There are 2 protein chains.
Amino acid sequence: MKLYERLARQMSEQIHAGVLRPGARMPSVRGASRGHRVSPATVRQAYRLLEDRGEVQARPKSGHYVSMNWAGLPRQVEKSAPSVRTTRVDVSELVFEILESVKSDAVVPLGSAFISPTAFPLNRLARSLGSAARRLSPHRMLADLPPGNLQLRRIIARRYLDSGVKVAADEVVITSGALEALNLCLQAVTRPGGVVAIEDPTFYSALQAIERLGLRAVSVPTHPRDGIDLNAFADTLDRHPVQACWLMPTFQNPVGSLMPEDRKQALVELLAAREIPLIEDDVYAELYFGSVKPRPAKAFDKKGLVLHCSSFSKCLAPGYRLGWCAAGRYSAAIDRVKLTTTLATSIPVQAGIADFLVHGGYERHLRRLRRALEIQQTQMVQAIRRHFPQGTRVSRPQGGYFLWVELPPSVNSLDVQRVAMSKGISVAPGPMFSPTRGYTHFVRISSGHPWTPQLEASVATLGRIVDGLS
Amino acid sequence: MKLYERLARQMSEQIHAGVLRPGARMPSVRGASRGHRVSPATVRQAYRLLEDRGEVQARPKSGHYVSMNWAGLPRQVEKSAPSVRTTRVDVSELVFEILESVKSDAVVPLGSAFISPTAFPLNRLARSLGSAARRLSPHRMLADLPPGNLQLRRIIARRYLDSGVKVAADEVVITSGALEALNLCLQAVTRPGGVVAIEDPTFYSALQAIERLGLRAVSVPTHPRDGIDLNAFADTLDRHPVQACWLMPTFQNPVGSLMPEDRKQALVELLAAREIPLIEDDVYAELYFGSVKPRPAKAFDKKGLVLHCSSFSKCLAPGYRLGWCAAGRYSAAIDRVKLTTTLATSIPVQAGIADFLVHGGYERHLRRLRRALEIQQTQMVQAIRRHFPQGTRVSRPQGGYFLWVELPPSVNSLDVQRVAMSKGISVAPGPMFSPTRGYTHFVRISSGHPWTPQLEASVATLGRIVDGLS
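Residues numbered from 1 in each chain as written. Chains lettered and ligands numbered in written order. Predicted model: local features only at pLDDT ≥ 70, side-chain atom pairs only at ≥ 80, totals over all residues. Heavy atoms only, no water.

A. Quick peek at the overall build of chain A. When its secondary structure is counted, chain A shows 17 helices and 16 strands. For a compact globule of 470 residues, the expected C-alpha radius of gyration is about 23 Å, and chain A comes in at 23 Å, within 12% of that figure. Burial status across chain A gives 62% buried among its 470 residues. Counting contacts in chain A only where the partners sit at least 6 residues apart, residues at least 24 apart contribute 74% of the total. Total accessible area on chain A stands at roughly 18,000 Å², and carbon and sulfur atoms take up 50% of it. Side chains of chain A carry 60 positive and 40 negative charges; the gap between the two charge centres is 2 Å. (Helix = DSSP H or I, 4+ residues; strand = E, 2+ residues; numbered from the N terminus. Rg over C-alpha atoms; globule rule 2.2 N^0.38 Å. Buried < 20%, exposed > 50% of the residue type's maximum accessible area, 1.4 Å probe, protein only. Contact = heavy atoms within 4.5 Å. Areas by Shrake-Rupley, 256 points an atom, 1.4 Å probe, with all protein chains shown as cover. Lys, Arg positive; Asp, Glu negative; His and termini not counted. Charge placed at Lys NZ, Arg CZ, Asp CG, Glu CD.)

Right, dumping it as structure tokens:
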């Protein structure tokens, strides 16, 4: 082994041991030369080798950095990649800070995960809630314990059928929002210490749940248009003892990707061959801009291995906390975890939502909401183009209300978030969504609020902040 | 060391390693003699030694059994006592079977944990729910995220004050029922592998939560009148690295005990000196028969170490899933676990319950409910006396709706449960509530339903079943 190869191997070991973390700056050529007592030329050769292997990246005039692409790290990832735990404090603090900020009317919620509550038929929902609660016979307070209100489960099963997915009412367990459903599913299909495959970037709650349950994450890169790379994904499954996957094939949070149906099918088949359950987070499914509702991965599930989780929180009834999972062969297990953790989902709320679905004009509301979100997306994209500096790139998801915005590479989105918050604007920085604190020059911007001059002004302010930090 | 002492030590190690489990039959004298190649006399001497130490019990004409009294096991308990996991299947199955049975009108719910839903002002609640939901401004769907609706938290804080407990609204976190509160608290104050002190017998959900979170239980015996033995409890705290306690000082489920206030105070002081948090499950507090509401242990909390959990499920609004905890120094931590697991408690439900508390006549309802439960308790005790065999003993709790019934020692309550269920009567057998599957000749019987000839007939049937099995 030549000298530079040995040096490269030493550095590689430091990367895999987590001493040099993804995104960290490598020692300068001069520093490494002194530290390792080799010539600068040897250091340069070692860096070129690491670059060729994808383990470090050179940035002009800035030096070398450990590759952000966690999934790209060879072999030892599972053992030596930084565990989710190492990123706990930062990610959690950011998440909680932004969650706290949405409670205040005074903060412009560009970082919010919630659509404006004014976009929903809250009055009509309240009427359904009151009248359904009055009609509820006392015995229903017991009969509607998990799996939950039968009428509601039948309506949900029927809606699956309408969009080409065979799900029986028996398979559906009503939950307190999709977040509970996802957490229940993860508990039902994993054991502490197990490995869960997720996307990078991903919904931060997946990271939190994995940490809380003592699980380990392996991540696969996801493309803002088509979602995860199936080759990389298959490779991950070959290399790690994956107990479960938690993925968002439709309008992924934060990047907005939509996996084409043939790839969803291939994904399900890949997992079915290995008997690995897929927890499918599908909360934005109703918010499509096209003419047809995209089918979920669940549509291709032949073995009952897909646990499809969704809710009415994003499309109809924010704050009601009404979700469900269609959990395939795991329904009975979910039922039991639910009974022992929250016992039941509010029984009048279950009846109220069922009433609205029958009488409230759900489809008309959805059409209006989808149209509004599509227009707001265009408005937000145009405003970002107007106000953000050269080098900014914006995703154009086919549904939902998140824009994944790539800032000029020199901009640190954590700085953007900090400065913006001091000016009363929230924004969700990339590292919040990354098990490796990657995506440091990305932000997620919500287009979930009606366009106003104040919103335009806030985007302009944000653009100036980004410009000032680049 | 003599031969019989060495044999006793071997057997003791098997007990502590969980090879021989509490309640398991020890090898016969002859079998052990052959197996260990010692004389029958040596085996008998070893058994006498183990008996003296309380590790095995002799039963006439039946042989020797590993002691059921888990808490009585010396020293090594924490390391080697059977974990809760070993009892998982049985206890859980029983719990789920009985939970399932309460959904059916056809089963007489003597084993139910729920009061008859007809005992609650459900129509008036539905009116409050509907009108509060209609009045709710859209922004509240975000503002009432955890810790929750401020008006409701203020009302709860005020009710604490009225019963002599200082709790600020800021300390209160609204949850989806007390069960969620208890689970959140346990997550917030323990780490996997930690030791939690519980009562034996105890509420089965404590056992389930401890198991699910990868914790270990040590239990202290509890008296049907006064609750846990504080000396035994202090001893437990000295011997084990207890991270938290989960206790029910007021109307304990299943035994119905009420710790006198001076003992509650001593309990809190005992824990405060050791900085150990107390999760106080206090869901039956409003259902007292005396003239004054018993103060909780929380009343004596000076260090913010008591996490007081309660709900409206048992006293006002079953099925609404509205509870809370006043979590002292842990409130912020609870808030965060809640945000990452179920996000929020249904926001219209929070507003609806607040409306009822202000306008619905809560105190009048409570007076009526307490009176009904007291009468039903007397009716049930008398019926048990009429129909159950000699040797049956019944507790007389000062509140709540559970009777802890000791059957003649020869009766196995699991058999009682099985036979009763086959005749359409549910009953909750003692081992459901015990980390050691103890209390095999106890049942918990609910007096939470209005007296009817059918109920009388069911108690008579149950009495005949017990008689037949004794």
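B. Just the sheet that holds strand β12 (residues 393-394) of chain B, in detail. All names here are of chain B. The 4 strands lie next to each other as β12-β13-β16-β15, forming an open sheet whose pairing is antiparallel. Unpaired on one side and paired on the other, β12 and β15 (428-429) mark the two borders of the sheet. As paired elements, β12 and strand β13 (residues 402-406) share 2 bridges and run antiparallel to each other. Looking across to β13, one finds that R393 is bridged to E406. Relative to β13, helix α15 (residues 362-387) is tilted by about 20 degrees, and along the sheet it contacts β12, β13 and β16 (442-446). (Pairing = 2+ DSSP bridges. Axes fitted to C-alpha atoms, helices over the stretch in contact; angles between N-to-C directions.)

C. Examining unusual backbone geometry more closely. A cis amide bond links N253 of chain A to the next residue, P254 of chain A, at an omega of 15 degrees. Mapping P254 of chain A onto the fold places it in the loop between β8 (242-247) and α12 (261-274). Positive phi outside glycine occurs at E275 of chain A, with the angle close to 55 degrees. Following the sequence through the fold, E275 of chain A ends up in the loop between α12 and β9 (278-281). A positive phi angle, close to 65 degrees, is found at L343 of chain B, a residue other than glycine.

D. Broad picture of a positive patch on the surface. The grouping of R127 and R134 of chain A together with R127 and R134 of chain B at the surface amounts to a positive patch. Its place among the elements puts R134 of chain B in helix α6 (residues 122-135). Take R134 of chain B: its relative accessible area is 39%, and that puts it in the partly exposed class. (Patch = residues over 30% accessible without salt bridge, like charges linked within 9 Å, V, L, I, M, F, W, Y side chains within 5 Å. Salt bridge = Lys/Arg side-chain N within 4 Å of Asp/Glu carboxyl O.)

E. Looking closely at the pairing of strand β2 (residues 63-66) of chain B. Residue and element names in this part refer to chain B. In this structure, strand β1 (residues 56-59) lies alongside β2, joined through 4 bridges in antiparallel fashion. Bridge pairing links A58 to H64 in β2. Between β1 and β2, which pair antiparallel and follow one another directly, the connecting turn spans 3 residues, one of which, K61, has a positive phi of 60 degrees.

F. Spotlight on the environment of R336 of chain B. Residue position: R336 of chain B is located in helix α13 (residues 331-341). Taking the C-alpha atoms as reference points, R336 of chain B and P147 of chain B, 189 residues apart in sequence, are found 9.2 Å from one another. Those residues in contact with R336 of chain B that lie beyond four places of it in its chain are E93 and F96 of chain A.

G. Representation of the pattern of salt bridges within the structure. As enumerated under the stated definition, the model contains 45 salt bridges over all chains in all. For the salt bridge of K298 of chain B with D301 of chain B, the shortest nitrogen-to-oxygen distance reads 3.3 Å. Note on K298 of chain B: relative accessible area 4%, which makes it buried. By relative accessible area, which is 17% here, D301 of chain B ends up buried. The structure contains a network of salt bridges with shared partners spanning R159, E286, K293, E363 and R370 of chain A.

H. Main features of the interface of chain A and chain B. On the side of chain B, 50 residues touch chain A, which itself brings 50 residues to the contact. Around 4,600 Å² of area is buried between chain A and chain B when both sides are counted, 67% of it from carbon and sulfur atoms. Viewed at the interface, chain B and chain A are joined by 2 salt bridges. Between E93 of chain B and R336 of chain A there is a salt bridge, and its shortest N-O distance comes to 2.7 Å. Counting across the chain A and chain B interface gives 22 residue pairs in polar contact (both at pLDDT 80 or more). Listing elements by their share of the side of chain A that touches chain B, those giving two or more residues are α5 (88-102), α6 (122-135), α7 (140-143), α9 (177-189), α10 (204-212), α13 (331-341) and α14 (347-359) of chain A. (Buried area = accessible area lost by both parts, 1.4 Å probe. Polar contact = N/O pair within 3.5 Å; in protein donor to acceptor, adjacent residues only side chain to side chain.)

I. Representation of the state of the cysteines within the structure. Residue and element names in this part refer to chain B. Inspection of every chain in the model, using the stated rule, returns 0 disulfides over all chains. Cysteine C245 remains unbridged, with the sulfur of C185 as its closest cysteine sulfur at 13 Å. Looking at the unpaired C315, the closest cysteine sulfur is the one in C309, lying at 14 Å. (Disulfide = S-S within 2.5 Å.)

J. Region of interest: the nonpolar core. Counting residues in hydrophobic clusters, the biggest one holds 200 residues, and the most contacted among them are F312 of chain A together with F312 of chain B. Dropping the residues within four chain positions of it, F312 of chain B is found in contact with L152, I156, A317, P318, L322, W324, I353, L357 and Y362 of chain B. (Core = buried A, V, L, I, M, F, W, Y, C linked by side-chain atoms within 4.5 Å.)

K. Molecular detail of helix α2 (residues 29-36) of chain A. Residue and element names in this part refer to chain A. V29, A32 and S33 are the residues of α2 that are buried. Buried residues of α2 fall within an arc of 105 degrees about the axis and therefore sit on the same side. Summarising the geometry of α2, the exposed residues directed more than 90 degrees from the buried face are R30, R34 and G35. R37 sits one or two positions beyond α2 and adopts a positive phi of about 55 degrees. (Arc of directions from axis to C-beta.)

L. Looking closely at the packing of aromatic side chains. Tallied over the entire structure, the rule returns 22 aromatic pairs over all chains. Geometrically, the ring pair formed by Y439 of chain B and F442 of chain B is edge-to-face, given 5.4 Å between the ring centres and 75 degrees between the ring planes. By relative accessible area, F442 of chain B is classed as buried at 12%. Members of the aromatic cluster, each reached through a chain of ring pairs, are F203, Y204, W404, F433, Y439 and F442 of chain A. Stacked on the ring of F402 of chain A, the Lys or Arg R444 of chain A has its end atom at 3.9 Å from the ring centre. (Phe/Tyr/Trp six-rings, centres within 6.5 Å; stacked < 30°, edge-to-face > 60°. Lys NZ or Arg CZ within 6 Å of the ring centre and 35° of its normal.)

M. How the structure looks around the relation of the copies chain A and chain B. Take chain A, turn it by 179 degrees, move it 0.7 Å along the axis, and it overlays chain B with an RMSD of 1.1 Å. Within this description, the copies of the chain are treated as partners about a two-fold rotation axis. Residue G130 of chain A, judged by its C-alpha, is the member of chain A lying nearest the rotation axis, at 2.0 Å. In this assembly the copies share their binding face: 100% of the residues contributing to the interface of chain A also contribute to that of chain B. (Least-squares fit on C-alpha atoms with pLDDT ≥ 70 in both.)

N. Quick peek at the sheet that holds strand β5 (residues 195-200) of chain B. Read from one edge of the open sheet, 8 strands run β4-β11-β10-β9-β8-β5-β6-β7 (chain B), paired in mixed fashion. Of all strands in the sheet, those bounded by a partner on one side alone are β4 (172-175) and β7 (227-228) of chain B.

O. Geometry of the environment of S422 of chain B. Position of S422 of chain B relative to the elements: it lies in helix α16 (residues 413-422). Overall, the relative accessible area of 59% leaves S422 of chain B in the exposed class.

P. Quick peek at the packing of α16 of chain B against helix α17 (residues 453-469) of chain B. Residues and elements named next belong to chain B. Following both chains from N to C, one finds α16 and α17 inclined at 135 degrees, their axes separated by 10 Å at the closest point. Regarding the angle of α16 to α17, the classification is oblique. α16 and α17 meet at a crossing whose hand is right-handed. Contacts from D415, V416, V419 and A420 in α16 reach L462, I465, V466 and L469 in α17. Residues belonging to the contact of α16 with α17 are distributed by class as follows: 7 nonpolar, no polar and 1 charged. (Parallel < 35°, antiparallel > 145°, perpendicular 65-115°, else oblique. Left-handed = near helix turned anticlockwise from the far one by under 90°. Nonpolar A, V, L, I, M, F, W, Y, C, P; charged D, E, K, R; others polar.)

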